[in-house]
Amino acid sequence: MDCHVISIFPEMFSAITEHGVIGRAIKQNVLSLTIHNPRDHADDKHSKVDGRPFGGGPGMVMMPEPMSKVIEAAKTAASSDAKVVYLSPQGKRFDHSAAIEFAKRDSVVLLAGRYEGIDERVLESHVDEEWSIGDYVLSGGELPAMVMIDAIARLLPDSLGNSESAEQDSFVQGLLDCPHYTKPRSFVDQFGDEKEVPDVLLSGDHQAIEQWRQQQALGRTWLRRPELLKELELTDEQHRLLDEYKSSNNLDDTSFEQ
Ligand code: 9D3
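Quick caveat: nothing in here was measured; it's all calculated off a predicted structure.

(A) Focus on the packing of helix H4 (residues 96–103) against helix H6 (residues 142–153). Where H4 contacts H6, the axes come no closer than 8 Å and their chain directions differ by 70°. Judged by the angle between their axes, H4 and H6 are roughly perpendicular. Residues Ala99, Phe102 and Ala103 of H4 form the contact with H6, whose participating residues are Met148, Ala151 and Ile152. A breakdown of the residues in the contact of H4 with H6 according to their chemical character gives 6 nonpolar, no polar and no charged.

(B) Structural context of the packing of aromatic side chains. All chains considered together, the criterion is met by 3 aromatic pairs. Taking 5.4 Å as the distance between ring centres and 70° as the angle between the ring planes, the aromatic pair formed by phenylalanine 102 and tryptophan 131 counts as edge-to-face. Of this pair, phenylalanine 102 sits in helix H4 while tryptophan 131 sits in strand E7 (residues 129–132); the two residues are 29 residues apart in sequence, bridging distant segments of the chain. Here tryptophan 131 falls in the buried class, since its relative accessible area comes to 10%. Here the aromatic residues Phe94, Phe102 and Trp131 are joined through ring pairs into a cluster of three or more. Note that arginine 105 overlies the ring of phenylalanine 102, its terminal NZ or CZ placed 4.1 Å from the centroid.

(C) The arrangement of the site of the ligand in detail. In the neighbourhood of the ligand, 16 residues make up the surrounding shell, with Ile133, Gly134, Tyr136, Leu138 and Gly140 lying closest. Measuring from a nitrogen atom of the ligand, one finds a backbone N or O atom of isoleucine 133 at 3.1 Å. Between the ligand and the protein, one listed contact pairs an oxygen atom with a backbone N or O atom of leucine 138 at 2.8 Å. Elements that contribute at least two residues to the shell around the ligand include exactly strand E5 (83–93) and E7. Ranked by residue count, the leading element in the shell around the ligand is E5, at 3 residues. Split by residue class, the shell around the ligand holds 9 nonpolar, 6 polar and 1 charged.

Quick notes on the rules
- Residues numbered from 1 in each chain as written.
- Predicted model: local features only at pLDDT ≥ 70, side-chain atom pairs only at ≥ 80, totals over all residues.
- Heavy atoms only, no water.
- Axes fitted to C-alpha atoms, helices over the stretch in contact; angles between N-to-C directions.
- Helix = DSSP H or I, 4+ residues; strand = E, 2+ residues; numbered from the N terminus.
- Parallel < 35°, antiparallel > 145°, perpendicular 65-115°, else oblique.
- Contact = heavy atoms within 4.5 Å.
- Nonpolar A, V, L, I, M, F, W, Y, C, P; charged D, E, K, R; others polar.
- Phe/Tyr/Trp six-rings, centres within 6.5 Å; stacked < 30°, edge-to-face > 60°.
- Buried < 20%, exposed > 50% of the residue type's maximum accessible area, 1.4 Å probe, protein only.
- Lys NZ or Arg CZ within 6 Å of the ring centre and 35° of its normal.
- Near = heavy atom within 4 Å.
- Polar contact = N/O pair within 3.5 Å; in protein donor to acceptor, adjacent residues only side chain to side chain.

This is the structure we're talking about:
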């Protein structure tokens, strides 16, 4: 995937290019990431890209000339059919199914705004789609762009050390994840309580382990995110596992009791 990001803070993106999944995807040539800086397209000696809002009010607005120039430069650098995607609080909510759809694209131009936003005329002329990462106020589109790139990169073929991980992920089934445990088998917590790993995980019975994990995923989704379950058509086996979970008193998960 050929990903082009437009941002006046290109240094921020070293946070993702130099570590983990995205760094690996770039090294493996599964992902290419190019940052385009609107300041390089400003026409004054101070590289000014913001102006005071017409009509008054607080804050600044990103100016049309450098923004339209940098968008055209990014589109030329990307393949011609790349969509221009504006990150904004007014956009459609980005979720796992959106990440799957983005991962199928050959190229994309992500437009990260700062200040109060970008002059509306540029958005009307250049932007194909508008996406948000959630209902909270951030100070710019850079973190949302990085969030989206991370979610997309881990779905690209071979970008994971282990290609099975993406398929086993929480949300792939539409469910929350099951609990995980590692050494030691018995762990003394800060209250002096001995906490054991569930017996089934030590049983060596792979079918029983898979069933337990499935049941935990279903039960936790029912307790914590019941609206996700409404989106799913559960199998008879999943119904049985969830009913069994509901009828077994889960005394240590009462904070999520409904
Ligand atoms: C305080 C400014 N707000 C006035 C009501 C408007 C506003 C402008 C710019 C709010 C946020 C931003 C910067 N945010 C983004 O560019 C952004 C974002 C977000 O803030 N939340 C969730 N997803 C996204 S995608 C881009």
